[in-house]
Amino acid sequence: MSWEPVIGLEVHARLLTQTKIFCGCSTAFGAPPNTHVCPVCLGYPGALPVLNRKAVDLAMRVALATGCEIHPQSVFARKNYFYPDLPKGYQISQFDRPLATNGSVEIGGKTIRIHRIHMEEDAGKLLHDAAVTRVDLNRAGTPLVEIVSEPDIRSSEEAAAYFSRLRQILMFVDACDGNMEEGSLRCDANVSVHRSGEPLGTRTEVKNVNSFRYVARAIEHEIERQISVLESGGAIVQETRLYDPAADETRPMRSKEEAHDYRYFPEPDLLTLEVDEAWVGSVRAVLPPLPSARSKRYQSEWNIPAIDADAIVATRELAEYFEATAEASGQPRLAANWVRNEVLRVLNDRRIDLSDYVVTPEMLAKLIGLVESGAIGGKSAKEVFEEMSTTGDAPALIVERRGLAQISDPSAIRVAAERVLEANRVQAEQYRAGKAQVFGFLVGQLMKETRGKAKADLANEILRELLDRA
Ligand SMILES: [Zn+2]
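Everything numeric here is computed off the predicted structure, so don't read it as measured data.

What counts, and where the lines are drawn
- Residue numbering note: each chain is counted from 1, following its sequence as written.
- The predicted origin of the model limits local features to residues at a pLDDT of at least 70 and limits the giving and counting of side-chain atom pairs to 80 or more, whereas totals for whole chains, interfaces and linings rest on all residues.
- Side-chain numbers come from the whole structure's heavy atoms, not from hydrogens or water.
- Numbering goes from the N terminus for both helices and strands, where a helix is a DSSP run of H or I of at least four residues and a strand is a run of E of at least two.
- Only C-alpha atoms enter the radius of gyration, while the globule expectation follows 2.2 Å times N to the 0.38, with N the number of residues.
- Only protein chains enter the area calculation, which uses a 1.4 Å probe; residues under 20% of their type maximum are buried, those over 50% are exposed, and those in between are partly exposed.
- Reported accessibility uses the Shrake-Rupley method at a 1.4 Å probe radius. Residues are deemed covered only where the shown protein chains occlude them.
- In this charge count, Lys and Arg are treated as positive and Asp and Glu as negative; neither His nor the chain ends contribute.
- By convention, the point assigned to a charge is CZ for Arg, NZ for Lys, CD for Glu and CG for Asp.
- Angles here are taken between N-to-C directions and fall from 0 to 180 degrees, while the axes themselves are lines fitted to C-alpha atoms, restricted in helices to the stretch in contact.
- Roughly parallel means an angle under 35 degrees; roughly antiparallel, over 145; roughly perpendicular, 65 to 115; everything else is oblique.
- Should the near helix be turned counterclockwise from the far one by less than a right angle, the crossing is left-handed, whereas a clockwise turn marks it as right-handed.
- By the convention used here, residues are in contact when the closest approach between their heavy atoms is within 4.5 Å.
- For this classification, the nonpolar set comprises Ala, Val, Leu, Ile, Met, Phe, Trp, Tyr, Cys and Pro, the charged set comprises Asp, Glu, Lys and Arg, and every other residue, Gly included, is treated as polar.
- Take the residue count of a helix, subtract one, and multiply by 1.5 Å to get its expected span.
- Just to be clear on terms, a salt bridge is a Lys or Arg side-chain nitrogen sitting within 4 Å of an Asp or Glu carboxyl oxygen.

Student: In this structure, what is going on with the overall build of the chain? I would like to understand it.
Tutor: The helix and strand tally for the chain stands at 15 helices and 16 strands. On C-alpha atoms alone, the chain measures out to a radius of gyration of 31 Å, which is more than a quarter above the 23 Å that the 2.2 N^0.38 rule sets for 470 residues. Seen through its principal axes, the chain has C-alpha atoms that stretch 100 × 55 × 50 Å. A buried classification covers 47% of the 470 residues belonging to the chain. Of the roughly 23,000 Å² of accessible surface on the chain, 51% is carried by carbon and sulfur atoms. Taken together, the 56 basic and 67 acidic charged side chains of the chain have centroids lying 4 Å from each other.

See the structure below:
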């Protein structure tokens, strides 16, 4: 019987507050070391923490967006351990009474349950170089939520999909910027393997899977390592392992602590966090629509295929760009095609963010309008789009500059069609004698005569009329 992996993820997300969770210091990333610090986040004796209400707002957004139940009362606790980047000698976290529990996230039709979401403060950062290790405490006291899943994940691919979905949700509700390089989102994985029907195996915790593409690889390696240990008659030791991306392997870091090792006790300097219905309601009222809800709306209201709708809600910026284009043009399906195919292609090719893209939804809507009104043809529209994407010029200006306007004046097309029939008498006679396939050739000649600018349906109609008349 084959081995079945059992995986749970603990995701730490930095909340997008201006200031730290228990003091007024800035949370801005990249400041000179130890400039965003004060007696509270430096852990001076006697300095007292004051809870940042905005951090609670954002943590509640995450809880609501993942369908969790928010508890009317939750309790901050001290998690005691020594580490050089933790000046107080303890971290303020939540232990047996977390902010929220019992949520879930959908990935490709499967539900991954969320066990709990709690709030805590981040530690500082150690900077190692050859000679010395320095500590930067700018990050100490930055608000985090820890999102703990149930062990519902069964493969490294599912783990990556869950992590990615969580990141998408966090970014949609403006709770976290999702920036993995700056450490705004970090992930630890609890991994064990067992044969199905048998009791669960001993689990290890894999740390340092903080880059998106490493999540699946690190877990995959750990699964393979455990299987090979077990198949050669060994036993898995409960421990914390570190993923090393350079060597592409996990290795032991420390034996896994149990909760009692941390000597948790309620934080005496903070009150019980009380969240009433009105507070939850006020957070719910400003919660932006989630990706799944947006995708469903595009499908039902605008008849957009599911695959396109899901691609468009990849990020909130893209979804909002699309919605603005759809509304300004009044053509949601065409807007979806342009955004899904052309806009995404340009952003990928040029490796730019939507926020740096020169084509606004209003400009794209104008281009769609030019095609719809027959002012330009589909092929010219692509040309105009490319130029808009480079110069940022208005579509009408580009159409004029490049002489791309379609000929939609029937008398002008008629004159050109008469010239074409005059020059191609043989083919015209063949058509009249019943050789229908010559028509395509004659249309081609007419398009050539008008340098591709005759409006296609008019060109067909007029040519056929002239041929049938004679
Ligand atoms: Zn501070």
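Student: So what exactly am I meant to see when it comes to the packing of helix H2 (residues 156-172) against helix H3 (residues 212-231) here?
Tutor: Helices that pack against each other are described as a pair by the angle of their axes relative to one another and the distance between those axes. For the pair H2 and H3, the least separation of the axes is 8 Å and the interaxial angle reads 150°. Taken together, the axes of H2 and H3 are roughly antiparallel relative to one another. For the pair H2 and H3, the crossing hand works out as right-handed. Along its contact with H2, which presents Ser156, Ala159, Ala160, Phe163, Ser164 and Arg167, the element H3 presents Phe212, Val215, Ala216, Ile219 and Glu220. Taken together, the residues of the contact of H2 with H3 sort by class into 7 nonpolar, 2 polar and 2 charged.

Student: Could you clarify how one ought to interpret helix H15 (residues 456-469) in this entry?
Tutor: It helps to recall that an α-helix has 3.6 residues per turn; residues three or four apart then point in one direction. With 14 residues, H15 ought to run about 20 Å at 1.5 Å a step, and its terminal C-alpha atoms sit 20 Å apart, in line with that. Packing partners of the buried residues in H15 comprise helix H12 (410-423), helix H13 (425-432) and helix H14 (438-449).

Student: Would you mind going over unusual backbone geometry with me for this structure?
Tutor: What you tend to see is this: most non-glycine residues have negative phi, and most peptide bonds are trans. Unusually for a residue other than glycine, asparagine 34 sits at a positive phi of about 60°. For asparagine 34, the position within the fold is in the loop between strand S1 (3-14) and helix H1 (53-65). Among the residues examined, asparagine 34 registers a relative accessible area of 36% and is labelled partly exposed. The phi angle at arginine 351 is positive, at roughly 50°, despite the residue not being glycine. Structurally, arginine 351 can be placed in the loop between helix H8 (332-350) and helix H9 (361-372).

Student: It is not clear to me how the pattern of salt bridges should be interpreted in this structure. Could you clarify?
Tutor: A complete count under the given rule lists 36 salt bridges for this structure. Notably, a salt bridge pairs lysine 88 with glutamate 121, separated by 2.7 Å at the nearest N-O pair. You can see lysine 88 sitting in the loop between strand S4 (76-80) and strand S5 (90-94) and its partner glutamate 121 sitting in strand S7 (residues 110-121), a full 33 residues away along the chain. With a relative accessible area of 5%, glutamate 121 lands in the buried category. Arginine 419 is paired through a salt bridge with glutamate 449; the nearest N and O atoms lie 2.6 Å apart.

Note that all results are geometric; they support no functional claim without further evidence.
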